[in-house]
Amino acid sequence: MEIWPAIDIRGGQCVRLKQGDYQQETVYGESPVKMAQYWFESGAKRLHLVDLDGAKSGKSVNFDAIQKIVETVSIPCELGGGIRDAQTIQRLLDVGVARLVIGTLALKEPKWFRQMAIQFPYRLVLGIDARNGMVATDGWLETSQTSAIDLARQFEDLPLAALVYTDIATDGMMKGPNFAEMKTMNQAVSIPLVASGGVTSIDDVARLNNDGIPACIIGRALYEETIQLAEALKFEFPVEK
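Owing to the predicted nature of the structure, the values given are computational and were not obtained by experimental measurement. (Residues numbered from 1 in each chain as written. Predicted model: local features only at pLDDT ≥ 70, side-chain atom pairs only at ≥ 80, totals over all residues. Heavy atoms only, no water.)

**Quick word on the packing of helix H1 (residues 32-41) against helix H3 (residues 63-72)**
- Following both chains from N to C, one finds H1 and H3 inclined at 25°, their axes separated by 9 Å at the closest point. The angle between H1 and H3 falls in the class roughly parallel. When the axes of H1 and H3 are compared, the crossing they make is right-handed. Side by side, H1 and H3 meet where Pro32, Val33, Ala36 and Gln37 of the first sit next to Ala65, Lys68, Ile69 and Thr72 of the second. (Axes fitted to C-alpha atoms, helices over the stretch in contact; angles between N-to-C directions. Helix = DSSP H or I, 4+ residues; strand = E, 2+ residues; numbered from the N terminus. Parallel < 35°, antiparallel > 145°, perpendicular 65-115°, else oblique. Left-handed = near helix turned anticlockwise from the far one by under 90°. Contact = heavy atoms within 4.5 Å.)

See the structure below:
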């Protein structure tokens, strides 16, 4: 199972939010670049980056920090937040970001998302953030009337790199993932699933792995040291869906 340590960037700092709430922020470092280098030197084989300012504003905000990260570490970096036009996609890919997570526009402009997925095959990731099984958008500030599974199935035929599925209720709460939702989504679609939200202990990682989940993102648990990255990395082996 792939392990993706998360680096969330807001105001140029490395932070974590609880349930996507911008009022519930913890700062874990003034330099996202140094944090990326730390995880890289600790053995990480990939990184999940989030431009929180970009997710909220609808445009890439922390570009300089993101560019510096991909220049500093020689591992694939995935980025989400504020990616809402072809020019931004091209610019980020050109500086070395391996793949880009798009969520809001996949729901609001599905035709555009289809065009982008075809134009940039296996470089885009469908990001689905769900609250009670319904898709949340605009940096989790709005909740739609579309179910997460329906949205995922809508794009199953596209050449997507992965599907990052985040359960907002568990994200950053240190109480474990929504295992049932992750397993249901994994079984519902053929797109490789990346589980996100609530991974708190090494037992959580083991259970996701046993459930056949191909990958997971770990954030606050690494910063609070309830999971040691070296232990999580022991689960890095292929899992067939």
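**Side note on the side chain of His48**
- Inspection of the secondary structure assignment puts His48 in strand S4 (residues 47-51).
- Owing to a relative accessible area of 8%, His48 belongs among the buried residues under this scheme.
- One polar contact links His48 to Glu78, side chain to side chain, over a distance of 2.5 Å.
- Look past the residues within four positions of His48 in its chain and what remains in contact with it is Trp4, Pro5, Ala6, Ile7, Glu78, Val101 and Ile217. (Buried < 20%, exposed > 50% of the residue type's maximum accessible area, 1.4 Å probe, protein only. Polar contact = N/O pair within 3.5 Å; in protein donor to acceptor, adjacent residues only side chain to side chain.)

**Some thoughts on the pairing of strand S7 (residues 124-131)**
- Of all the eight residues making up S7, seven are buried; the element is thus mostly covered by neighbouring parts of the structure.
- Across three bridges, strand S6 (residues 99-102) lies against S7 in parallel orientation. Bridge pairing in S7 links Val101 to Val125.
- Sheet topology places S7 next to strand S8 (residues 134-137); three bridges connect them, and they run antiparallel. Of the residues in S8, the one forming a bridge with Ala130 is Val135.
- The hairpin turn running from S7 into S8, its antiparallel successor, is two residues long, and Asn132 in that turn takes a positive phi close to 55°. (Pairing = 2+ DSSP bridges.)

**Concerning the packing of aromatic side chains**
- Under the counting rule described, the total for this entry stands at three aromatic pairs.
- With centroids separated by 5.5 Å and ring planes inclined at 85°, the aromatic side chains of Trp39 and Tyr223 adopt a geometry described as edge-to-face. Of this pair, Trp39 sits in helix H1 while Tyr223 sits in helix H10 (residues 220-223), and the two are 184 residues apart along the sequence. Here the two residues Trp39 and Tyr223 agree in accessibility, since each one is buried.
- Site record: aromatic cluster; members linked through ring pairs are Tyr38, Trp39 and Tyr223.
- Directly above the ring of Trp4 sits Arg46, whose terminal nitrogen or CZ lies 5.5 Å from the centroid.
- If you follow Arg91 out to its NZ or CZ, it ends over the ring of Phe63, 3.6 Å from the centre. (Phe/Tyr/Trp six-rings, centres within 6.5 Å; stacked < 30°, edge-to-face > 60°. Lys NZ or Arg CZ within 6 Å of the ring centre and 35° of its normal.)

**Examining the nonpolar core**
- Counting 71 residues, the largest nonpolar core has Ile7, Leu47, Ile89 and Ile218 as the members making the most contacts within it.
- Residues within four places of Ile7 in sequence aside, it is in contact with Cys14, Pro32, Met35, Ala36, Trp39, Leu47, His48, Leu49, Val50 and Tyr223.
- Formed by 10 residues, the second largest nonpolar core is a distinct cluster that contains Trp4, Ala6, Ala162 and Ile217. (Core = buried A, V, L, I, M, F, W, Y, C linked by side-chain atoms within 4.5 Å.)

**Description of the environment of Thr72**
- With respect to the helices and strands, the residue Thr72 is situated in helix H3.
- Under the relative-accessibility criterion, Thr72 is labelled partly exposed at 28%.
- Separated by 39 residues in sequence, Thr72 and Val33 have C-alpha atoms that sit 7.5 Å apart.
- The residues contacting Thr72, other than those within four sequence positions of it, are Val33 and Gln37.
- At 2.6 Å, the side chain of Thr72 forms a polar contact with the backbone oxygen of Lys68.

**Here's the deal with the confidence of the model for the protein chain**
- Looking at the protein chain as a whole, its pLDDT mean stands at 89, while 89% of the residues score no less than 70.
- The spread of mean pLDDT over the elements of the protein chain runs between strand S3 (residues 21-29), the lowest at 57, and helix H6 (residues 110-119), the highest at 98. (pLDDT = per-residue confidence, 0-100.)

**Description of helix H4 (residues 86-94)**
- Within H4, the full set of buried residues consists of Thr88, Ile89, Leu92 and Leu93. The arc enclosing the buried residues of H4, seen along the axis, measures out at 125°, which places them on a common side. Exposed side of H4, more than 90 degrees from the buried face: Gln87 and Asp94 are the residues found there.
- Residues of H4 that are buried in the fold lie against H3, strand S5 (77-80), S6, H6 and S7.
- N-capping of H4 is provided by Asp85, with a side-chain oxygen placed 3.1 Å from the backbone N of Gln87.
- Note on H4: the residue one or two positions beyond its end, Gly96, has a positive phi of about 115°. (Arc of directions from axis to C-beta.)

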